[in-house]
Amino acid sequence: QKLSLSANSRVGVHGDLHGDIRSLMASLADLQKRKILTGFKVTAPNTHLLFLGDYTDRGYCGVEVLYTLLRLRLENPRRVWLARGNHEDPYMTKRYGFAVEGIKKYGEEFKHKRIAALFETLPSVIYVGTSRNFLQSCHGGVEPGYDPKPLLRSRGSPSYQRLGTLTRGEFRQKHKDLFDESFDPDYRKE
């Protein structure tokens, strides 16, 4: 995803919540105190909030964190942005606790697959900038071999580009000097 913002824009960036609703609420309270946020509405002019993934797992309040972030996004569809981290993956949410948290709180009615489908809609990376200067904003990295130039040349904001076919194997072959023998390009073999 590409966000072209005006030169006088401010962007607040937040990463790794891992189900910690207290940290999120403290951050939101600070934004309210600074008159950037009123309730769930971003009220400061030219201000955007960017969340870089890992919203759930490990903590006890992933459901509440996710609800709060989605509420912020719905209230501010052109000013609150959510990127996908590695814990916004069905494998990770099952392995690290979010699925279990949801079932404990809501029983078998908890729709883990629906949440996983929601996560699939989140961009892996958000390029934020003005004119021709953009900052790559993501949780941990982008697919090796991905070329953002077509996205960065696109008009409109926000703009989107699908990652398409993953080329990690080809990239690894062309850049063997970047990887040691312990690197496993297919980390999902487990």
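Described in the following lines is the structure provided in the data block.

What about the overall build of the protein chain?
Of regular secondary structure, the protein chain possesses seven helices and eight strands. Sorting the 190 residues of the protein chain into buried and exposed places 36% on the buried side. Taking all contacts inside the protein chain whose residues are at least 6 apart in sequence as the whole, residues at least 24 apart take part in 73%. For the protein chain, the accessible surface area stands at approximately 11800 Å², while carbon and sulfur atoms represent 53% of it.

Examining the side chain of Arg-84
The residue Arg-84 is located in the loop between strand S6 (80-82) and helix H3 (90-95) in this model. A distance of 3.3 Å separates a polar atom in the side chain of Arg-84 from a polar atom in the side chain of Glu-120. Ignoring sequence-local partners within four residues, the contact set of Arg-84 consists of Gly-53, Asp-89, Pro-90, Phe-119, Glu-120, Leu-122, Pro-123, Ser-124 and His-139.

Observations regarding the nonpolar core
One finds Leu-17, Leu-24, Phe-51, Tyr-55, Val-65, Leu-69 and Leu-72 to be the most contacted residues of the largest nonpolar core, which totals 24 residues. Taken together, the elements giving at least two residues each to this core come down to helix H1 (21-33), strand S5 (47-51), helix H2 (62-75), S6 and helix H5 (112-120). Of the residues forming this core, the biggest block, five residues, is contributed by H2. Once residues lying within four places of it in the same chain are set aside, the contact partners of Tyr-55 are Leu-17, His-18, Gly-19, Gly-62, Val-65, Leu-69, Leu-82, Ala-83, Glu-88 and Leu-122. Listed in part, the eight residues of the second largest apolar core include Leu-5, Ala-83, Ile-126 and Val-128.

Some thoughts on the sheet that holds S6
Overall, parallel pairing links the three strands, which are arranged S2-S5-S6 in an open sheet. The outermost strands of the open sheet, each flanked by one partner alone, are strand S2 (10-14) and S6. Sheet twist, expressed as the average angle between the axes of neighbouring strands with direction ignored, equals 20°. Alignment of S5 against S6, held across three bridges, turns out to be parallel. Bridge assignment links Phe-51 to a residue of S6, and that residue is Leu-82. Packed on one face of the sheet, H2 meets S5 and S6 and runs near 135° to S6.

Topic: the sheet that holds strand S1 (residues 2-4)
Read across the sheet, three strands follow the order S1-S7-S8 without closing on themselves; strand pairing throughout is mixed. At either end of the open sheet lies a strand with only one pairing partner, and these are S1 and strand S8 (133-138). Between one strand axis and the next, the sheet turns by 20° as a mean value, whatever way the strands run.

A look at the pattern of salt bridges
Should their charged atoms come close, side chains of opposite charge can pair. Going through the model one piece at a time under the given rule, you end up with four salt bridges. Two residues, Glu-64 and Lys-105, come together in a salt bridge whose shortest N-O distance is 2.7 Å. In this pair, Glu-64 is assigned in helix H2 and Lys-105 in helix H4 (residues 98-106), connecting sequence segments 41 residues apart. Overall, Glu-64 belongs to the partly exposed group, its relative accessible area being 29%. The class of Lys-105 is partly exposed, set by a relative accessible area of 35%.

Rules used throughout
Residues numbered from 1 in each chain as written. Predicted model: local features only at pLDDT ≥ 70, side-chain atom pairs only at ≥ 80, totals over all residues. Heavy atoms only, no water. Helix = DSSP H or I, 4+ residues; strand = E, 2+ residues; numbered from the N terminus. Buried < 20%, exposed > 50% of the residue type's maximum accessible area, 1.4 Å probe, protein only. Contact = heavy atoms within 4.5 Å. Areas by Shrake-Rupley, 256 points an atom, 1.4 Å probe, with all protein chains shown as cover. Polar contact = N/O pair within 3.5 Å; in protein donor to acceptor, adjacent residues only side chain to side chain. Core = buried A, V, L, I, M, F, W, Y, C linked by side-chain atoms within 4.5 Å. Pairing = 2+ DSSP bridges. Axes fitted to C-alpha atoms, helices over the stretch in contact; angles between N-to-C directions. Salt bridge = Lys/Arg side-chain N within 4 Å of Asp/Glu carboxyl O.

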